[in-house]
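So you can see what is in the structure, the chains are spelled out below.
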Amino acid sequence: MQELIQTHHLTFTYPDSPQPALADINLTIFRGQFVVIAGATGSGKTTLINHFKKELLPNGTRSGQILINQRPLDSLDKLTSAKTVGYVPQDPAVQPIMDTVIDELAFSLENIACPSEEIERRIAELANYLGLDQLLHNTIGSLSGGQLQLVNLASVLILRPDIILLDEPTAQLDPLSTQHFFDVLERIHHELGMTIVMTEHNLSTALALADTMVLIQDRQLSFVGDPATGIPKMAADAKLQYFVPDVPKLFLNLKLTDQKLPISVADGQTAILKQRLEFQSAIQDMHRAAAKPVILSAKDISFSFDHANNVVDRLALDLHKGDWLSIVGKNGSGKTTLLTMLAGLRVPQHGKIKFDRQIVWRLPTGDRLSKISFLSQTPALQFGAETVLEELQNQADQLPQTVSNEAIEAMIARLHLNSVKSHSPFDLSAGQQQLLGLAIALLAKPQLLILDEPTKGLDPYTKQLLGKWLLEVNQSGTTILMASHDMAFCAAYTKHCAFMFDGHLNTILPTREFFSDNFFFTTPINRLLRSQVPEAILVDDVTLKSEGTSGDVS
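Residues numbered from 1 in each chain as written. Predicted model: local features only at pLDDT ≥ 70, side-chain atom pairs only at ≥ 80, totals over all residues. Heavy atoms only, no water.

By the naming in an unreviewed UniProt entry, the chain goes by ATP-binding cassette domain-containing protein and is assigned to Lentilactobacillus parabuchneri. The Subcellular location (unreviewed entry) field of the UniProt record for the chain holds the comment "Cell membrane". Recorded in UniProt under Sequence similarities (unreviewed entry), the annotation for the chain is "Belongs to the ABC transporter superfamily." (UniProt positions renumbered as here; feature names shortened; annotations may be inferred.)

Asks: Help me get a handle on the sheet that holds strand S2 (residues 22–30), residues and values and all.
Replies: On the basis of which strands lie adjacent, the open sheet formed by 4 strands has the order S2-S1-S4-S5 and antiparallel pairing. The strands lining the two open edges of the sheet, one partner per strand, are S2 and strand S5 (71–72). Bridging between strand S1 (residues 3–13) and S2 involves 6 bridges; their strand directions are antiparallel. Counterpart to Thr7 in the pairing with S2 is Leu27. (Pairing = 2+ DSSP bridges. Helix = DSSP H or I, 4+ residues; strand = E, 2+ residues; numbered from the N terminus.)

Asks: Which residues make up the pairing of strand S20 (residues 496–501), and what values do they have?
Replies: Regular strands place side chains that alternate from one sheet face to the opposite one. The pairing of strand S14 (residues 324–328) with S20 spans 4 bridges and is parallel. Paired with Leu325 across the bridge in S20 is His496. Relative to strand S22 (residues 509–510), S20 is paired through 2 bridges, and the arrangement is antiparallel. By the bridge assignment, His496 is partnered in S22 with Pro510. Of the pairings in the sheet, the one linking S20 to strand S21 (residues 504–505) comprises 2 bridges and is antiparallel in character. Its bridge partner being in S21, Phe501 is matched across the sheet by His504. Remark: 2 residues form the turn of the hairpin made by S20 and S21, two consecutive strands paired antiparallel; Asp502 in that turn has positive phi of roughly 55°.

Below, the structure is given as C-alpha coordinates:
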(Lines give C-alpha, C1' and ligand atoms only; values in the text may rest on other atoms or scores of the structure.)
Protein backbone atom coordinates (compact mmCIF):
# COMPACT_ATOMS: atom_id res chain seq x y z
CA MET A 1 0.00 0.00 0.00
CA GLN A 2 1.21 3.49 -0.86
CA GLU A 3 1.87 5.86 2.04
CA LEU A 4 0.25 9.25 1.34
CA ILE A 5 0.69 10.92 4.74
CA GLN A 6 3.35 10.11 7.32
CA THR A 7 4.25 11.85 10.54
CA HIS A 8 7.31 10.81 12.52
CA HIS A 9 7.58 12.00 16.13
CA LEU A 10 5.57 15.14 15.33
CA THR A 11 5.38 17.51 18.30
CA PHE A 12 3.89 21.00 18.07
CA THR A 13 3.42 23.82 20.59
CA TYR A 14 1.47 27.04 19.99
CA PRO A 15 3.19 30.34 20.91
CA ASP A 16 3.05 31.14 24.65
CA SER A 17 1.45 27.76 25.40
CA PRO A 18 2.85 25.91 28.43
CA GLN A 19 2.32 22.49 26.86
CA PRO A 20 2.32 21.01 23.35
CA ALA A 21 -0.88 20.72 21.31
CA LEU A 22 0.50 17.53 19.73
CA ALA A 23 3.04 15.21 21.37
CA ASP A 24 5.12 12.59 19.53
CA ILE A 25 2.57 11.79 16.79
CA ASN A 26 3.49 8.81 14.62
CA LEU A 27 0.85 8.14 11.98
CA THR A 28 0.70 6.67 8.47
CA ILE A 29 -2.30 7.13 6.15
CA PHE A 30 -2.39 4.97 3.04
CA ARG A 31 -3.89 5.64 -0.38
CA GLY A 32 -7.60 4.81 -0.49
CA GLN A 33 -8.24 4.98 3.25
CA PHE A 34 -11.26 6.72 4.82
CA VAL A 35 -9.92 8.05 8.12
CA VAL A 36 -11.95 9.72 10.87
CA ILE A 37 -10.00 11.58 13.56
CA ALA A 38 -11.93 11.67 16.85
CA GLY A 39 -11.29 13.22 20.22
CA ALA A 40 -12.56 15.77 22.71
CA THR A 41 -12.41 19.51 22.09
CA GLY A 42 -8.83 20.69 22.60
CA SER A 43 -7.35 17.23 22.06
CA GLY A 44 -5.50 18.36 18.92
CA LYS A 45 -7.71 17.05 16.07
CA THR A 46 -7.76 20.24 14.01
CA THR A 47 -4.12 20.98 14.80
CA LEU A 48 -3.19 17.54 13.47
CA ILE A 49 -5.21 17.78 10.26
CA ASN A 50 -3.81 21.27 9.60
CA HIS A 51 -0.32 19.73 9.60
CA PHE A 52 -1.24 17.72 6.50
CA LYS A 53 -1.48 20.80 4.25
CA LYS A 54 1.37 23.27 3.93
CA GLU A 55 -0.84 26.36 3.69
CA LEU A 56 -2.65 25.46 6.93
CA LEU A 57 0.42 24.91 9.11
CA PRO A 58 -0.17 26.80 12.38
CA ASN A 59 2.41 29.15 13.86
CA GLY A 60 4.42 27.73 16.72
CA THR A 61 7.32 25.42 17.57
CA ARG A 62 7.41 22.19 15.58
CA SER A 63 9.67 19.14 15.65
CA GLY A 64 9.55 15.80 13.86
CA GLN A 65 8.84 15.05 10.23
CA ILE A 66 5.77 15.29 7.96
CA LEU A 67 5.79 13.52 4.59
CA ILE A 68 3.20 13.88 1.82
CA ASN A 69 3.63 11.31 -0.94
CA GLN A 70 7.00 10.53 0.66
CA ARG A 71 8.15 14.13 0.23
CA PRO A 72 8.75 16.57 3.11
CA LEU A 73 5.71 18.81 3.48
CA ASP A 74 7.73 22.02 3.44
CA SER A 75 9.30 21.05 0.11
CA LEU A 76 5.97 21.12 -1.75
CA ASP A 77 5.44 24.17 -3.94
CA LYS A 78 1.98 25.81 -4.03
CA LEU A 79 0.93 24.09 -7.25
CA THR A 80 1.93 20.64 -6.04
CA SER A 81 0.23 21.23 -2.69
CA ALA A 82 -3.01 22.34 -4.37
CA LYS A 83 -3.04 19.30 -6.66
CA THR A 84 -2.15 16.85 -3.88
CA VAL A 85 -4.11 17.91 -0.80
CA GLY A 86 -7.58 19.45 -0.83
CA TYR A 87 -9.28 20.99 2.20
CA VAL A 88 -12.94 21.61 3.15
CA PRO A 89 -13.53 23.73 6.28
CA GLN A 90 -16.23 23.53 8.92
CA ASP A 91 -18.02 26.77 7.99
CA PRO A 92 -19.43 26.52 4.44
CA ALA A 93 -19.38 30.32 4.02
CA VAL A 94 -15.63 30.70 4.61
CA GLN A 95 -14.25 29.05 1.45
CA PRO A 96 -16.09 30.56 -1.56
CA ILE A 97 -14.50 33.55 -3.30
CA MET A 98 -16.46 34.03 -6.53
CA ASP A 99 -20.07 35.14 -7.07
CA THR A 100 -21.50 32.08 -8.83
CA VAL A 101 -21.04 28.33 -8.61
CA ILE A 102 -19.51 27.96 -12.06
CA ASP A 103 -17.05 30.79 -11.39
CA GLU A 104 -16.08 29.20 -8.07
CA LEU A 105 -15.29 25.89 -9.80
CA ALA A 106 -13.42 27.63 -12.61
CA PHE A 107 -11.39 29.69 -10.13
CA SER A 108 -9.75 26.57 -8.67
CA LEU A 109 -8.66 25.42 -12.13
CA GLU A 110 -7.50 28.86 -13.24
CA ASN A 111 -5.19 28.94 -10.22
CA ILE A 112 -3.33 25.91 -11.55
CA ALA A 113 -3.20 27.36 -15.10
CA CYS A 114 -5.60 24.81 -16.54
CA PRO A 115 -6.43 25.43 -20.27
CA SER A 116 -9.90 26.94 -20.86
CA GLU A 117 -11.13 23.91 -22.86
CA GLU A 118 -10.14 21.58 -20.03
CA ILE A 119 -11.77 23.87 -17.46
CA GLU A 120 -15.10 23.59 -19.24
CA ARG A 121 -14.75 19.81 -19.64
CA ARG A 122 -13.87 19.27 -15.97
CA ILE A 123 -16.72 21.47 -14.76
CA ALA A 124 -19.21 19.69 -17.01
CA GLU A 125 -18.09 16.25 -15.84
CA LEU A 126 -17.96 17.07 -12.12
CA ALA A 127 -21.21 19.07 -12.07
CA ASN A 128 -23.06 16.12 -13.59
CA TYR A 129 -21.33 13.63 -11.28
CA LEU A 130 -22.28 15.56 -8.14
CA GLY A 131 -25.68 16.78 -9.35
CA LEU A 132 -24.63 20.43 -9.41
CA ASP A 133 -25.50 21.01 -13.06
CA GLN A 134 -28.75 22.83 -12.19
CA LEU A 135 -26.94 25.15 -9.77
CA LEU A 136 -23.99 26.26 -11.91
CA HIS A 137 -25.32 29.78 -12.58
CA ASN A 138 -26.79 30.31 -9.13
CA THR A 139 -25.16 32.90 -6.92
CA ILE A 140 -23.20 31.63 -3.93
CA GLY A 141 -25.41 33.68 -1.62
CA SER A 142 -28.57 31.92 -2.83
CA LEU A 143 -27.36 28.43 -1.86
CA SER A 144 -28.45 26.53 1.21
CA GLY A 145 -25.79 25.40 3.68
CA GLY A 146 -25.82 21.88 2.25
CA GLN A 147 -25.52 23.08 -1.34
CA LEU A 148 -22.72 25.45 -0.40
CA GLN A 149 -20.70 22.75 1.35
CA LEU A 150 -21.16 20.50 -1.70
CA VAL A 151 -19.79 23.31 -3.90
CA ASN A 152 -16.82 23.63 -1.52
CA LEU A 153 -16.17 19.92 -1.90
CA ALA A 154 -16.53 20.19 -5.68
CA SER A 155 -14.04 23.09 -5.88
CA VAL A 156 -11.51 20.82 -4.16
CA LEU A 157 -12.41 17.66 -6.03
CA ILE A 158 -12.14 19.37 -9.42
CA LEU A 159 -8.37 19.60 -8.88
CA ARG A 160 -8.29 15.77 -8.61
CA PRO A 161 -6.17 15.69 -5.45
CA ASP A 162 -4.74 12.57 -3.86
CA ILE A 163 -6.14 13.49 -0.43
CA ILE A 164 -9.18 15.41 0.78
CA LEU A 165 -9.06 16.83 4.30
CA LEU A 166 -12.34 17.81 5.97
CA ASP A 167 -12.61 19.59 9.33
CA GLU A 168 -16.07 19.02 10.86
CA PRO A 169 -17.69 19.46 7.41
CA THR A 170 -21.30 18.84 8.50
CA ALA A 171 -21.28 20.81 11.77
CA GLN A 172 -23.60 23.49 10.37
CA LEU A 173 -25.83 21.32 8.19
CA ASP A 174 -29.33 19.99 8.81
CA PRO A 175 -29.79 16.19 9.08
CA LEU A 176 -30.82 15.59 5.46
CA SER A 177 -28.03 17.79 4.07
CA THR A 178 -25.60 16.01 6.39
CA GLN A 179 -26.68 12.60 5.12
CA HIS A 180 -26.47 13.75 1.50
CA PHE A 181 -22.97 15.12 2.06
CA PHE A 182 -21.82 11.84 3.59
CA ASP A 183 -23.45 9.94 0.71
CA VAL A 184 -21.32 11.97 -1.69
CA LEU A 185 -18.18 11.28 0.35
CA GLU A 186 -18.95 7.56 0.36
CA ARG A 187 -19.44 7.64 -3.39
CA ILE A 188 -16.17 9.40 -4.22
CA HIS A 189 -14.33 7.14 -1.79
CA HIS A 190 -15.63 3.91 -3.30
CA GLU A 191 -15.92 4.92 -6.95
CA LEU A 192 -12.86 7.16 -7.25
CA GLY A 193 -10.64 5.56 -4.61
CA MET A 194 -10.25 8.97 -3.00
CA THR A 195 -8.32 9.14 0.26
CA ILE A 196 -10.43 10.97 2.83
CA VAL A 197 -9.26 12.28 6.21
CA MET A 198 -11.78 14.08 8.39
CA THR A 199 -12.27 15.33 11.92
CA GLU A 200 -15.77 14.84 13.28
CA HIS A 201 -17.71 15.17 16.53
CA ASN A 202 -20.90 13.50 15.31
CA LEU A 203 -19.52 10.03 14.70
CA SER A 204 -22.71 8.10 13.97
CA THR A 205 -22.51 8.32 10.17
CA ALA A 206 -18.79 9.06 9.85
CA LEU A 207 -17.58 5.90 11.59
CA ALA A 208 -20.04 3.76 9.62
CA LEU A 209 -18.20 4.86 6.44
CA ALA A 210 -14.65 4.89 7.78
CA ASP A 211 -12.21 1.99 7.62
CA THR A 212 -9.86 3.66 10.14
CA MET A 213 -10.44 5.63 13.33
CA VAL A 214 -7.69 7.76 14.84
CA LEU A 215 -8.35 8.61 18.47
CA ILE A 216 -6.52 11.52 20.11
CA GLN A 217 -6.42 11.79 23.90
CA ASP A 218 -4.31 14.31 25.79
CA ARG A 219 -2.58 15.43 22.56
CA GLN A 220 -1.36 11.92 21.77
CA LEU A 221 -2.61 9.08 19.60
CA SER A 222 -4.28 6.46 21.80
CA PHE A 223 -5.79 4.31 19.04
CA VAL A 224 -5.42 3.80 15.28
CA GLY A 225 -7.41 1.04 13.63
CA ASP A 226 -10.84 -0.46 12.91
CA PRO A 227 -13.65 1.73 14.35
CA ALA A 228 -15.49 -1.32 15.73
CA THR A 229 -12.40 -2.11 17.80
CA GLY A 230 -11.74 1.46 18.88
CA ILE A 231 -15.28 2.38 19.99
CA PRO A 232 -15.15 0.24 23.19
CA LYS A 233 -11.97 2.14 24.11
CA MET A 234 -13.90 5.39 23.75
CA ALA A 235 -16.74 3.99 25.85
CA ALA A 236 -14.35 3.32 28.72
CA ASP A 237 -13.27 6.98 28.94
CA ALA A 238 -15.24 9.36 31.17
CA LYS A 239 -15.44 12.07 28.50
CA LEU A 240 -15.23 10.12 25.28
CA GLN A 241 -18.11 7.79 26.23
CA TYR A 242 -20.40 10.61 25.07
CA PHE A 243 -18.86 10.38 21.59
CA VAL A 244 -19.94 6.76 21.10
CA PRO A 245 -22.75 6.58 18.48
CA ASP A 246 -26.13 5.32 19.71
CA VAL A 247 -26.19 2.00 17.84
CA PRO A 248 -22.88 0.63 19.21
CA LYS A 249 -23.68 2.25 22.59
CA LEU A 250 -26.88 0.18 22.80
CA PHE A 251 -24.99 -3.06 22.09
CA LEU A 252 -22.24 -2.14 24.55
CA ASN A 253 -24.71 -1.19 27.29
CA LEU A 254 -26.56 -4.49 26.89
CA LYS A 255 -23.26 -6.40 26.63
CA LEU A 256 -24.13 -7.75 23.16
CA THR A 257 -20.49 -7.68 22.08
CA ASP A 258 -19.50 -11.28 21.39
CA GLN A 259 -18.59 -10.49 17.79
CA LYS A 260 -17.90 -7.37 15.70
CA LEU A 261 -19.64 -4.32 17.10
CA PRO A 262 -22.28 -2.87 14.74
CA ILE A 263 -21.97 0.85 14.05
CA SER A 264 -24.66 1.74 11.50
CA VAL A 265 -28.42 1.21 11.78
CA ALA A 266 -28.22 -1.36 8.98
CA ASP A 267 -25.50 -3.31 10.79
CA GLY A 268 -27.50 -3.12 14.00
CA GLN A 269 -30.62 -4.48 12.31
CA THR A 270 -28.60 -7.34 10.86
CA ALA A 271 -27.22 -8.16 14.30
CA ILE A 272 -30.71 -8.09 15.83
CA LEU A 273 -32.01 -10.52 13.23
CA LYS A 274 -29.06 -12.89 13.59
CA GLN A 275 -29.30 -12.97 17.36
CA ARG A 276 -33.13 -12.94 17.35
CA LEU A 277 -33.07 -10.13 19.88
CA GLU A 278 -36.34 -8.82 21.27
CA PHE A 279 -36.58 -5.44 22.98
CA GLN A 280 -39.14 -3.88 25.26
CA SER A 281 -39.81 -0.35 26.45
CA ALA A 282 -37.98 0.94 29.52
CA ILE A 283 -39.64 4.36 29.39
CA GLN A 284 -40.86 5.40 32.83
CA ASP A 285 -42.73 8.66 32.24
CA MET A 286 -45.14 9.01 29.31
CA HIS A 287 -47.65 11.46 30.83
CA ARG A 288 -48.25 14.92 29.41
CA ALA A 289 -47.98 17.88 31.77
CA ALA A 290 -50.87 20.33 31.81
CA ALA A 291 -50.26 23.41 29.64
CA LYS A 292 -49.37 26.60 31.49
CA PRO A 293 -50.36 30.15 30.46
CA VAL A 294 -49.00 31.51 27.17
CA ILE A 295 -45.86 33.64 27.57
CA LEU A 296 -45.21 34.39 23.87
CA SER A 297 -47.80 34.60 21.14
CA ALA A 298 -47.30 35.15 17.41
CA LYS A 299 -50.38 35.79 15.27
CA ASP A 300 -50.34 35.63 11.49
CA ILE A 301 -46.75 36.93 11.15
CA SER A 302 -44.95 37.19 7.81
CA PHE A 303 -41.54 38.40 6.68
CA SER A 304 -39.84 38.68 3.29
CA PHE A 305 -36.38 39.87 2.36
CA ASP A 306 -37.25 40.56 -1.29
CA HIS A 307 -40.92 41.56 -0.85
CA ALA A 308 -41.85 38.70 -3.16
CA ASN A 309 -41.25 35.43 -1.32
CA ASN A 310 -42.15 35.09 2.36
CA VAL A 311 -39.49 33.40 4.47
CA VAL A 312 -42.02 33.36 7.29
CA ASP A 313 -45.58 33.12 5.99
CA ARG A 314 -48.61 33.85 8.21
CA LEU A 315 -47.09 31.88 11.05
CA ALA A 316 -48.89 31.35 14.35
CA LEU A 317 -47.35 30.21 17.64
CA ASP A 318 -48.42 30.02 21.26
CA LEU A 319 -45.47 29.29 23.54
CA HIS A 320 -46.42 28.32 27.10
CA LYS A 321 -44.53 29.30 30.25
CA GLY A 322 -42.00 26.68 31.31
CA ASP A 323 -41.95 24.93 27.93
CA TRP A 324 -38.81 23.98 26.01
CA LEU A 325 -39.73 24.01 22.32
CA SER A 326 -37.29 23.00 19.59
CA ILE A 327 -37.83 24.04 15.98
CA VAL A 328 -36.15 21.84 13.38
CA GLY A 329 -35.99 22.12 9.62
CA LYS A 330 -33.66 22.42 6.65
CA ASN A 331 -31.04 25.12 6.23
CA GLY A 332 -32.76 28.20 4.84
CA SER A 333 -36.26 27.25 6.06
CA GLY A 334 -36.63 30.51 8.03
CA LYS A 335 -35.81 29.37 11.57
CA THR A 336 -33.31 32.15 12.29
CA THR A 337 -35.56 34.83 10.79
CA LEU A 338 -38.41 33.61 12.99
CA LEU A 339 -36.29 33.61 16.17
CA THR A 340 -35.02 37.16 15.60
CA MET A 341 -38.61 38.37 15.23
CA LEU A 342 -39.74 36.53 18.37
CA ALA A 343 -36.80 38.08 20.25
CA GLY A 344 -37.87 41.59 19.16
CA LEU A 345 -34.77 42.10 17.01
CA ARG A 346 -36.69 42.20 13.73
CA VAL A 347 -40.20 43.52 13.06
CA PRO A 348 -42.56 41.32 11.01
CA GLN A 349 -44.08 42.90 7.92
CA HIS A 350 -47.45 41.46 8.87
CA GLY A 351 -48.97 40.26 12.12
CA LYS A 352 -48.14 40.76 15.79
CA ILE A 353 -45.90 39.13 18.39
CA LYS A 354 -46.70 39.59 22.06
CA PHE A 355 -44.59 38.75 25.08
CA ASP A 356 -46.65 38.57 28.24
CA ARG A 357 -49.39 40.47 26.34
CA GLN A 358 -47.07 43.29 25.22
CA ILE A 359 -45.91 43.89 21.64
CA VAL A 360 -42.40 42.50 21.79
CA TRP A 361 -40.61 45.08 19.63
CA ARG A 362 -42.23 47.92 21.57
CA LEU A 363 -40.84 46.79 24.91
CA PRO A 364 -38.33 49.29 26.34
CA THR A 365 -34.82 47.99 25.64
CA GLY A 366 -34.01 47.52 29.32
CA ASP A 367 -37.19 45.55 29.93
CA ARG A 368 -36.64 43.39 26.87
CA LEU A 369 -33.01 42.61 27.79
CA SER A 370 -34.00 41.61 31.31
CA LYS A 371 -36.90 39.39 30.19
CA ILE A 372 -35.81 37.93 26.83
CA SER A 373 -32.29 36.70 26.06
CA PHE A 374 -31.19 35.71 22.57
CA LEU A 375 -28.21 33.57 21.54
CA SER A 376 -27.25 34.03 17.90
CA GLN A 377 -25.81 31.12 15.93
CA THR A 378 -22.85 33.48 15.40
CA PRO A 379 -22.30 34.83 18.92
CA ALA A 380 -19.00 36.52 17.99
CA LEU A 381 -21.03 39.26 16.27
CA GLN A 382 -21.92 40.68 19.68
CA PHE A 383 -18.42 40.50 21.17
CA GLY A 384 -16.35 43.67 21.60
CA ALA A 385 -14.25 43.42 24.76
CA GLU A 386 -10.58 42.47 25.02
CA THR A 387 -11.10 39.47 27.30
CA VAL A 388 -13.81 36.94 28.11
CA LEU A 389 -14.14 38.32 31.65
CA GLU A 390 -14.49 41.90 30.39
CA GLU A 391 -17.06 40.76 27.82
CA LEU A 392 -19.28 39.38 30.56
CA GLN A 393 -18.73 42.41 32.79
CA ASN A 394 -19.63 44.79 29.94
CA GLN A 395 -22.76 42.82 29.14
CA ALA A 396 -23.74 42.79 32.82
CA ASP A 397 -23.39 46.60 32.96
CA GLN A 398 -26.06 46.93 30.26
CA LEU A 399 -28.69 45.10 32.30
CA PRO A 400 -31.12 47.04 34.51
CA GLN A 401 -30.50 44.63 37.39
CA THR A 402 -27.20 44.30 39.23
CA VAL A 403 -25.04 41.28 38.39
CA SER A 404 -22.29 40.64 40.94
CA ASN A 405 -18.71 39.74 40.07
CA GLU A 406 -19.27 36.50 42.01
CA ALA A 407 -22.18 35.64 39.69
CA ILE A 408 -19.99 36.32 36.65
CA GLU A 409 -17.18 34.15 38.00
CA ALA A 410 -19.69 31.37 38.78
CA MET A 411 -21.00 31.59 35.20
CA ILE A 412 -17.47 31.29 33.83
CA ALA A 413 -16.76 28.25 35.98
CA ARG A 414 -20.07 26.57 35.14
CA LEU A 415 -19.37 26.78 31.42
CA HIS A 416 -15.73 25.63 31.76
CA LEU A 417 -14.31 28.95 30.55
CA ASN A 418 -11.89 29.52 33.47
CA SER A 419 -8.83 28.61 31.41
CA VAL A 420 -9.67 31.22 28.75
CA LYS A 421 -11.24 34.04 30.78
CA SER A 422 -8.21 36.29 30.14
CA HIS A 423 -8.20 35.46 26.39
CA SER A 424 -9.76 37.56 23.65
CA PRO A 425 -13.28 36.32 22.80
CA PHE A 426 -12.19 36.25 19.17
CA ASP A 427 -9.35 33.80 19.93
CA LEU A 428 -11.73 31.20 21.35
CA SER A 429 -12.74 28.08 19.48
CA ALA A 430 -16.19 28.07 17.88
CA GLY A 431 -17.51 25.92 20.71
CA GLN A 432 -16.06 28.22 23.39
CA GLN A 433 -17.55 31.25 21.66
CA GLN A 434 -20.89 29.45 21.76
CA LEU A 435 -20.54 28.91 25.52
CA LEU A 436 -19.56 32.54 26.07
CA GLY A 437 -22.60 33.66 24.10
CA LEU A 438 -24.79 31.46 26.27
CA ALA A 439 -23.18 32.86 29.45
CA ILE A 440 -24.04 36.38 28.24
CA ALA A 441 -27.62 35.33 27.48
CA LEU A 442 -28.10 33.81 30.92
CA LEU A 443 -26.65 36.71 32.93
CA ALA A 444 -30.07 38.39 32.97
CA LYS A 445 -31.82 35.27 34.31
CA PRO A 446 -34.46 35.81 31.62
CA GLN A 447 -38.04 34.64 31.58
CA LEU A 448 -37.58 33.55 27.93
CA LEU A 449 -34.34 32.18 26.50
CA ILE A 450 -34.17 32.02 22.68
CA LEU A 451 -31.32 29.91 21.28
CA ASP A 452 -30.27 29.64 17.63
CA GLU A 453 -28.22 26.44 17.11
CA PRO A 454 -26.80 26.40 20.66
CA THR A 455 -24.84 23.15 20.20
CA LYS A 456 -23.01 24.28 17.06
CA GLY A 457 -19.29 23.62 17.46
CA LEU A 458 -19.65 21.68 20.72
CA ASP A 459 -18.26 18.20 21.22
CA PRO A 460 -20.63 15.54 22.66
CA TYR A 461 -19.19 15.81 26.18
CA THR A 462 -19.74 19.56 26.28
CA LYS A 463 -23.20 19.12 24.77
CA GLN A 464 -24.33 16.93 27.66
CA LEU A 465 -22.94 19.47 30.16
CA LEU A 466 -24.86 22.19 28.32
CA GLY A 467 -28.01 20.05 28.16
CA LYS A 468 -27.98 19.37 31.88
CA TRP A 469 -27.51 23.03 32.69
CA LEU A 470 -30.28 24.16 30.33
CA LEU A 471 -32.49 21.50 31.89
CA GLU A 472 -31.87 23.08 35.31
CA VAL A 473 -32.56 26.54 33.87
CA ASN A 474 -35.82 25.30 32.33
CA GLN A 475 -36.91 23.50 35.51
CA SER A 476 -36.30 26.69 37.50
CA GLY A 477 -38.97 28.42 35.40
CA THR A 478 -37.23 29.82 32.31
CA THR A 479 -39.03 29.11 29.05
CA ILE A 480 -36.72 27.99 26.24
CA LEU A 481 -37.27 28.33 22.50
CA MET A 482 -34.58 26.77 20.33
CA ALA A 483 -33.81 26.20 16.67
CA SER A 484 -31.52 23.23 16.08
CA HIS A 485 -30.19 20.73 13.57
CA ASP A 486 -29.06 18.50 16.45
CA MET A 487 -31.70 15.78 16.60
CA ALA A 488 -29.96 13.87 19.40
CA PHE A 489 -29.83 16.96 21.63
CA CYS A 490 -33.48 17.81 20.94
CA ALA A 491 -34.56 14.24 21.65
CA ALA A 492 -32.63 14.08 24.92
CA TYR A 493 -33.65 17.38 26.51
CA THR A 494 -36.56 19.30 24.97
CA LYS A 495 -40.26 19.02 25.80
CA HIS A 496 -41.85 19.79 22.43
CA CYS A 497 -40.72 19.91 18.79
CA ALA A 498 -42.06 21.29 15.53
CA PHE A 499 -41.00 21.51 11.87
CA MET A 500 -40.34 24.82 10.17
CA PHE A 501 -41.60 24.23 6.64
CA ASP A 502 -42.96 26.45 3.86
CA GLY A 503 -42.77 29.52 6.07
CA HIS A 504 -44.74 28.20 9.03
CA LEU A 505 -44.64 25.73 11.90
CA ASN A 506 -46.49 22.48 11.59
CA THR A 507 -48.18 20.81 14.56
CA ILE A 508 -46.24 21.16 17.79
CA LEU A 509 -45.86 17.72 19.37
CA PRO A 510 -44.34 16.29 22.55
CA THR A 511 -40.73 15.38 21.75
CA ARG A 512 -41.14 11.61 21.98
CA GLU A 513 -44.22 11.67 19.76
CA PHE A 514 -42.49 13.99 17.28
CA PHE A 515 -39.44 11.77 16.77
CA SER A 516 -41.28 8.44 16.83
CA ASP A 517 -43.64 9.75 14.12
CA ASN A 518 -40.81 11.00 11.88
CA PHE A 519 -39.02 8.84 9.33
CA PHE A 520 -35.99 10.97 8.38
CA PHE A 521 -35.72 13.62 11.12
CA THR A 522 -35.42 11.15 13.96
CA THR A 523 -32.80 9.32 16.03
CA PRO A 524 -30.73 6.22 15.19
CA ILE A 525 -32.42 4.27 18.02
CA ASN A 526 -35.85 4.99 16.58
CA ARG A 527 -34.69 3.90 13.13
CA LEU A 528 -33.18 0.75 14.60
CA LEU A 529 -36.04 -0.36 16.86
CA ARG A 530 -39.20 1.30 15.55
CA SER A 531 -40.65 -2.07 14.53
CA GLN A 532 -40.32 -3.41 18.09
CA VAL A 533 -40.57 -0.31 20.33
CA PRO A 534 -42.02 2.52 18.19
CA GLU A 535 -41.82 5.12 20.97
CA ALA A 536 -38.09 4.54 21.65
CA ILE A 537 -35.82 7.45 20.67
CA LEU A 538 -32.91 7.14 23.16
CA VAL A 539 -30.55 4.33 24.15
CA ASP A 540 -32.01 4.11 27.66
CA ASP A 541 -35.56 3.79 26.33
CA VAL A 542 -35.24 0.02 25.78
CA THR A 543 -34.07 -3.14 27.42
CA LEU A 544 -33.96 -6.78 26.32
CA LYS A 545 -37.08 -8.86 26.87
CA SER A 546 -34.78 -11.64 27.95
CA GLU A 547 -31.05 -12.30 27.98
CA GLY A 548 -31.38 -13.97 24.59
CA THR A 549 -28.64 -15.99 22.99
CA SER A 550 -25.17 -14.91 22.09
CA GLY A 551 -25.15 -15.19 18.33
CA ASP A 552 -22.85 -14.21 15.50
CA VAL A 553 -23.08 -10.49 14.72
CA SER A 554 -20.27 -10.41 12.20
